[in-house]
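This is what each chain is made of:
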Amino acid sequence: MLQGPGIAWYLGIAAFLFATGALGVLIRRNPLIILLSLEIMLNGGNLALIAFSRHAGNGAGQIFALAVMAVAASEVCVGLGLVVALHRRRLAMDVDKLSELRG
Amino acid sequence: MIAGAWLCLFAPLAGTLAITVGGNRISRLAAGWLSTASVFVAFGGAAWSFFGLRAHGSEHGALSTAWVWLQAGTFKAGLSVLVDPLSTMMMLIVSGVGGLIVLYSIGYMDGDDEERRYFAYMSLFVFSMLLLVEGGNLLILLAGWGLVGLSSYLLIGFWHERPTAVAAAKKAFVMNAIGDATMALAFFVLIAHSNSLSFATSFATAGHLSETTVNLVALGLLGGAVAKSAQIPLHTWLPDAMEGPTPVSALIHAATMVTAGVYLIVRTHPIFEQARTIELIAAGLGTLTLLVAGLIALVQTDIKRVIAYSTMSQIGYMFLGAGVGAYANGMFHLLTHAFFKALLFLAAGLVIHALSGEQDMRKMGGIGKVMPWTRWAFLAGALALVGLPPFAGFFSKDAIIAAALHDHWYGVVLAIAALAGAFLTGLYTFRMYFIVFGPTAGSDTAPRSQTHEGPKTMLVPVGILAVLSVVGGWIQFSPFWHPLTNWLSPVAATLGVAEPSNTQEAIASVFAVVLGLAGAVVAYAVYGQRRLAIPRVPSLQRALEHKLYFDEAYDALFYRPAAAMAVSFRREFEEPVVLASGSDLGEGALELGQGLRRLQTGLLRTYVFFLATGMAVLAVVFLVVK
Amino acid sequence: MSVSSFTSVLIWLPIAGAIAIWILPLSRYATGSLAVLISLAEVGVWIEQAARFDFNRTGLQFSQDAPWFKDLHVSYHVGEYGFSLWLVGLTVVAMAACIGYGFWVGRDRPRAYFGLMLFLTGATVGVFVAQDLLLFYAFFEAMLIPLYVLIGVWGGPGRLGATIKLLIYTMAGSLIMLAALIVYGLKVGTFDLVTGPTSASRWLFLGFMLAFVIKAPLFPFHGWLPDAYREAPPEVTAVLSGVIAKAGTYGMLRIAIAKFPEPAHYYRTLILAVAAAALVYGSLLAFRAPDFRGVVAYSSMAQSGLITLGLFSGTSLGYDGAVLQMIAHGLISVSLFLLAGTIERRTTTGQFALLGGMARGRPALATLLMTTGIIALAVPGSAAFAGEFLILAGSYQRAWWWAVIGAGGIVLAAMYMLRLISAVLHEARGSTVHDEALDLRTGELALLVPLVGVLLALSAWPAAISHHSFAGDAPAQIVQEQFR
């Protein structure tokens, strides 16, 4: 019915993307890079959604992927806005140093 | 007759209330007369009841209930008075002797700031004692019992600035409370079996109880009697109670309150007869007390303490009489003892009053010369106490000894001990008489020119009591003439084992008189003529002076452990555990919070890490559970 | 106004009075007078109620029932039985005396103070008449709120610590009771106490009992007692000891024993042991307490133990004795703490080491303290003795050793009460007792003499309460049938 590689390949790439993104969030210190990694994670998730949607012949996954993209866009706006505000105040772009909200 | 009983009961209470409410508005003298009048009105009521009962015949006792005092479920106890031979006899003694003593107090307490309080307390006491003897059921008897203990506490501690008086009052109350507790336990047993504390039901129930149970009930009652009557082992409060004014000692600690124990045994004798062992133990305790008190009295130097120990000893006689089953004899001795013991106390009071409060006998020597009336009165009392005919004590005491003789070997042993006691009685009584009233002046005596006889209000009661000490015993001369035994027989018939034969009566009388006389003669030789020396046995002397170390023993066995336990509870448990628990809880909460704070590192990656881990765990759980 | 609504009047009149005082800007004198007037009106309403009460009929009287949360079967259901009538009477009389004391002494921020006292009155009456579990809980908590504020604001130097401790302890108990209450209500389908069935759940029983044991208080949950009693103003301590503590024992009777008969039987020996321990422990600690309030506080714990002993003996004598003792001890407590207040006002202390010799020149104080103290130690012939006697007779029927322990309590009570009396009144004059400290004034006498008078009247006729708490002759039967 559908040409092209099997679903396993798509999921593998999605997992790879997700893992890369997750690693980036955990390891990197620059808030901008963390946001970037988050985007990669979201893309991985989107890919998985679309793959499943194609595999099941159901359009719901693709629609949901669109919703995710919308949320990602909004979230990037807020995140980038925070990063720009940080930069403007000459604060260190290092999440390890930004820890005043501590218990 | 019933109306007389109610009048007798409530007149003194009205007196107390009138004096309390009147307060400073009535004069001190008025308070005294008010109290005296209330007690004499009570005596009138008692006489009314007595003659009413006599007219009806002494077997027709009557019970009258004013209202139901306490009721719970089917258990009921009314505020009732009983008019029967025993109660009317006690009513007459209490109100009669009481009235004389309150009259005497007017003169004795004259000048004291707190006279009104004194007379309020005296009336309260007479009311309580009448409640006790008139009580128509065991619960009202216990109520009177407790109130008598209360009045005793109030009166012993009357001069409450004195720490010794306050301590003595507390001691008396607490020891009486022990007796209250044992009596209450006995009553619980009775209620559990018969759901009633009326005399008739309780006595009937006693016949159906198992032997252990009825022994326990009798033991509980005996505990109360022993505490109230200051018999061994609950006797240590009586000598200390001499801290109170002398009329108090006369009324409470000679004539009435301490005899309540004897009254109790006679009243509840149906229960005791079911528990014969306990009754015989009572007789034994009485005899033991009789001897020990007599010995201790020999070394006392305070005149009131000698008389106090004498009281303890004489009540031992009464316990002996009641214990072997000679109830009428015990009651007879109660009657005569009330007369001569009150007389001795009041006469001693005249001396103390004349010497402005001096109570040490050694300083009183030679006072007989300036106080002749007192001296003769005292002599009358002493002769009655020792039991020389025709004075009152002879008739009553010897009857008890005879009754004991008749009872089996145990009774004979007790009788011999009682005879030894008669010797001791003669000895300590006349030791006291000769030291105080003898010709030789005592050491450090006060100048005699100021001392004189007391006022009329004090002399009249003493005179009346002196006359009664002489003739009071003529009411019964067993076995020839015993109207008292007949009067009491419907409620307190003498047990068969305690009915002595004529020979035994004679033996008892002869030995008692001879021994008593011997004691008096020895006392005369030692203290009167100073011819014989007292044998010196230092350890015995010390032991007797320390009252055989009972006080020290009780202090070590009961008081100090209780206080120590209380303090250690507070230190070891209350403060560290209970009180700190609140603060500990608070501190624990704080520490927990401190610990949890460390989770909030402020670092982004920690939070993300937790997020990731949590998600992974949830995923695994879902997979596994699914 | 129908007779049935008297119960609601007793609850809401003081609360309305409290709100009025909080809103209206009245003067100090007007506030106090209004509060005293309302509390006396309460007493009047109660007397009217008592006169119309039919003591021979079982079942709820003067009841009102209005649905509240229909789907949960929660209703505003109030009414009185014999014993709750007496407890309500104790509450209104005690509160009247204490409000009078507060008026006489003069407390700052009078509007707040009198409002809180009136609110406390209404809430406490509510506890005793509530016949719906949720309503009971609401009033139980409402009773505590004014207490926290009264102690925390008008108390002595250590008042904050005392308040926090009181709060922690009572909250812990109340929350567990709330949990138990909700489970019970949802399980049986109704929260109504009169129509609700019994339950055999032991956990629910323990949940309720924990709250009541903390309230009473009983050893070992009495950690809040010494501090709260010492730091609170004297009239608040009087209410705490005389009335609030009785709410705990009332709860045991009305809810724990009546609704959970099998668990009550199962845990009977344990609870009797705890009660006996409270009696002995409290008496011993009272015997060596160094101050007036300490002695009366620990003695209160001992009396709570005694009352619990009576309730859990499960016998008719025990129940009647417990109710009588609740009332008698309530009055005694109130009188003693008010007397403590009068002494503290004159000498600034309650420490025995600094007191003594106050009887000289102060006959009224001496007479009242002596009378109250003697009744407190349950001298035979007094109301407290009647209650104690019935309780111990009932507990003897359960097992002989409870009665023996109780009898020991009699002797200990004599010891600690006489120590208290002598330490204050007798012997040498204490360093804080001066000639300027006068005898009791008319105002104080007006409060204390009626209280002591009621005690003496009760001593002359204890059957007034002991025979009129449960209709008929078998209280144990009535409790078993849940008072229907």
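Residues numbered from 1 in each chain as written. Chains lettered and ligands numbered in written order. Predicted model: local features only at pLDDT ≥ 70, side-chain atom pairs only at ≥ 80, totals over all residues. Heavy atoms only, no water.

**Some remarks on the overall build of chain C**
Inference 1: Summing up its helical and strand segments, chain C has 19 helices and 2 strands in all.
Inference 2: Its C-alpha radius of gyration of 21 Å places chain C within 12% of the 23 Å reference for a compact globule of 484 residues.
Inference 3: Judged by the C-alpha coordinates and their principal axes, chain C covers about 65 × 60 × 40 Å.
Inference 4: With 484 residues in all, chain C has 69% of them scored as buried.
Inference 5: With the model as given, the accessible surface of chain C reaches about 14700 Å², and the carbon-plus-sulfur share is 67%.
Inference 6: Counting 28 positive and 25 negative side-chain charges, chain C places the averaged centre of each group 5 Å from the other. (Helix = DSSP H or I, 4+ residues; strand = E, 2+ residues; numbered from the N terminus. Rg over C-alpha atoms; globule rule 2.2 N^0.38 Å. Buried < 20%, exposed > 50% of the residue type's maximum accessible area, 1.4 Å probe, protein only. Areas by Shrake-Rupley, 256 points an atom, 1.4 Å probe, with all protein chains shown as cover. Lys, Arg positive; Asp, Glu negative; His and termini not counted. Charge placed at Lys NZ, Arg CZ, Asp CG, Glu CD.)

**Quick notes on the interface of chain B and chain C**
The figure often quoted for interface size is the accessible area lost as the parts come together.
Inference 1: Each partner contributes residues to the interface: chain B has 54 residues there, and chain C has 59 residues.
Inference 2: The contact between chain B and chain C buries some 4900 Å² in all, and 73% of this surface belongs to carbon and sulfur atoms.
Inference 3: Where chain B packs against chain C, one counts 2 salt bridges.
Inference 4: Among the salt bridges present, the one from Arg360(C) reaches Glu114(B), with a minimum N-O distance of 3.8 Å. (Contact = heavy atoms within 4.5 Å. Buried area = accessible area lost by both parts, 1.4 Å probe. Salt bridge = Lys/Arg side-chain N within 4 Å of Asp/Glu carboxyl O.)

**Describing the interface of chain B and chain A**
Inference 1: Each partner contributes to the interface: chain B provides 10 residues, whereas chain A provides 10 residues.
Inference 2: Surface buried jointly by chain B and chain A totals about 810 Å² across both partners, of which 61% is contributed by carbon and sulfur atoms.
Inference 3: The largest per-residue losses of area from chain B upon contact with chain A belong to Gly602(B), Leu604(B) and Arg605(B), which jointly make up 45% of the total buried on that side.
Inference 4: Residue contributions to the side of chain B that touches chain A peak at 5 residues, all from helix H24 (residues 604-625) of chain B.
Inference 5: A breakdown of the residues in the side of chain B that touches chain A according to their chemical character gives 5 nonpolar, 3 polar and 2 charged. (Nonpolar A, V, L, I, M, F, W, Y, C, P; charged D, E, K, R; others polar.)

**Let's talk about the environment of Thr195(C)**
Inference 1: One can find Thr195(C) in the loop between helix H6 (159-188) and helix H7 (202-215).
Inference 2: Sequence separation between Thr195(C) and Asp132(C) is 63 residues, and the spatial gap between their C-alpha atoms is 9.5 Å.

**A word on the packing of aromatic side chains**
Residue and element names in this part refer to chain C.
Inference 1: Within this structure, the stated rule accounts for 62 aromatic pairs over all chains.
Inference 2: Ring pairs connect the aromatic residues Phe136, Phe140, Tyr184, Phe205, Phe208, Phe212, Phe260, Tyr266 and Tyr267, which therefore count as one cluster.
Inference 3: Here the basic side chain of Lys215 rests over the ring of Phe140, its NZ or CZ set 3.9 Å away from the ring centre.
Inference 4: For Arg288, the ring lying beneath its charged end belongs to Phe287, and the centroid distance is 4.6 Å. (Phe/Tyr/Trp six-rings, centres within 6.5 Å; stacked < 30°, edge-to-face > 60°. Lys NZ or Arg CZ within 6 Å of the ring centre and 35° of its normal.)

**So, a nonpolar patch on the surface**
Inference 1: A surface patch of nonpolar side chains, amounting to about 800 Å² of accessible area, comprises Leu23(A), Leu26(A), Ile27(A), Leu592(B), Leu596(B), Leu599(B), Phe609(B) and Phe610(B).
Inference 2: Broken down by secondary-structure element, the contributors of at least two residues to the nonpolar patch are helix H1 (7-27) of chain A together with helix H23 (550-597) and H24 of chain B.
Inference 3: Among the elements that line the nonpolar patch, the one with the most residues is H1(A), at 3 residues.
Inference 4: Secondary-structure assignment places Phe609(B) in helix H24.
Inference 5: Take Phe609(B): its relative accessible area is 48%, and that puts it in the partly exposed class. (Patch = residues over 30% accessible without salt bridge, like charges linked within 9 Å, V, L, I, M, F, W, Y side chains within 5 Å.)

**Here we look at the domain arrangement of chain B**
Residue and element names in this part refer to chain B.
Inference 1: We note that the domain assignment places domain 1 (2-551) and domain 2 (552-625) within chain B.
Inference 2: Inter-centroid distance (C-alpha atoms) of domain 1 to domain 2 is 63 Å.
Inference 3: The interface is formed by 8 residues belonging to domain 1 together with 4 residues belonging to domain 2.
Inference 4: For the pair domain 1 and domain 2, the summed buried area comes to about 460 Å², and 45% of that belongs to carbon and sulfur atoms.
Inference 5: Applying the counting rule to domain 1 against domain 2 returns 0 salt bridges.
Inference 6: Where domain 1 touches domain 2, the interface holds 9 residue pairs in polar contact (both at pLDDT 80 or more).
Inference 7: Broken down by class, the residue content of the side of domain 1 that touches domain 2 amounts to 5 nonpolar, 2 polar and 1 charged. (Domains from an automatic or database assignment. Polar contact = N/O pair within 3.5 Å; in protein donor to acceptor, adjacent residues only side chain to side chain.)

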